[in-house]
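# Understanding the architecture of this molecule
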Amino acid sequence: FPSHDRRRLPALRAALPTKTVWLFCSAKCERNGSGKISSISGTLQDITYRKQIEEELEELSLVAKNTSNCVIITDINRRIKWVNQSVVKLTGYTENEIIGNTPKMFQFEKTNPDTIQMIRDKLMREEEIKTEILNKCIVTGKQIGRAHV
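Residues numbered from 1 in each chain as written. Predicted model: local features only at pLDDT ≥ 70, side-chain atom pairs only at ≥ 80, totals over all residues. Heavy atoms only, no water.

### Details of a negative patch on the surface
Residues Glu55, Glu56, Glu58 and Glu59 make up a contiguous surface patch of negative charge. Mapping glutamate 59 onto the fold places it in helix 1 (residues 48-66). Assessed through its relative accessible area of 55%, glutamate 59 is described here as exposed. (Patch = residues over 30% accessible without salt bridge, like charges linked within 9 Å, V, L, I, M, F, W, Y side chains within 5 Å. Areas by Shrake-Rupley, 256 points an atom, 1.4 Å probe, with all protein chains shown as cover. Salt bridge = Lys/Arg side-chain N within 4 Å of Asp/Glu carboxyl O. Lys, Arg positive; Asp, Glu negative; His and termini not counted. Charge placed at Lys NZ, Arg CZ, Asp CG, Glu CD. Helix = DSSP H or I, 4+ residues; strand = E, 2+ residues; numbered from the N terminus. Buried < 20%, exposed > 50% of the residue type's maximum accessible area, 1.4 Å probe, protein only.)

### Focus on the nonpolar core
Generally speaking, nonpolar side chains in soluble globular proteins are found buried as a group. Ranked by size, the top nonpolar core spans 8 residues in total: Ile80, Val83, Val87, Val88, Tyr93, Ile98, Met105 and Phe106. Going through the elements one at a time, strand 6 (80-83) and helix 2 (85-91) are the ones with two or more residues in this core. (Core = buried A, V, L, I, M, F, W, Y, C linked by side-chain atoms within 4.5 Å.)

### Quick word on the pattern of salt bridges
As a working rule, side chains carrying opposite charge can pair if their charged atoms are close by. Across all of its chains, the model carries 6 salt bridges by this definition. Put simply, glutamate 54 and arginine 50 hold a salt bridge, and the shortest N to O gap is 3.3 Å. Of this pair, glutamate 54 and arginine 50 both sit in helix 1, separated by 4 residues, roughly a single helical turn. Relative accessible area serves as the criterion here: at 44%, arginine 50 is assigned to the partly exposed category. A salt bridge links glutamate 128 to lysine 130, with the shortest nitrogen-to-oxygen separation between them at 3.8 Å.

Keep in mind these numbers describe shape, not what the thing actually does.
Here it is as structure tokens:
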């Protein structure tokens, strides 16, 4: 290492007798006037909880990608950021046609206006929504079934 250089090393996994602990190591070498290492200092940080969350997110991501149920993820402005292949297959839209739109693009004209308003109200209050709505398919323009929101 050059003088006073700080290198970030990848996370380390240390096996203890009862559990695995993930550690992040950051170290720095100090060199003397002749260029020899005179000291090494650093820190170890327990990142086990973060690694557990990352593993859980990876598992949930696989479920969302591979389920036969339609999964739509939107941003705070209700713009679609991600859909799984079940949405593409069911609606007939391509992923590129869907991303950036709102779920309203799937709304069937015959959906009860009171149901639409109830969904909007609950979204604004960030409440759970349990209802059935009618959606449409681009290929036929007809109702494709009921969606549970």
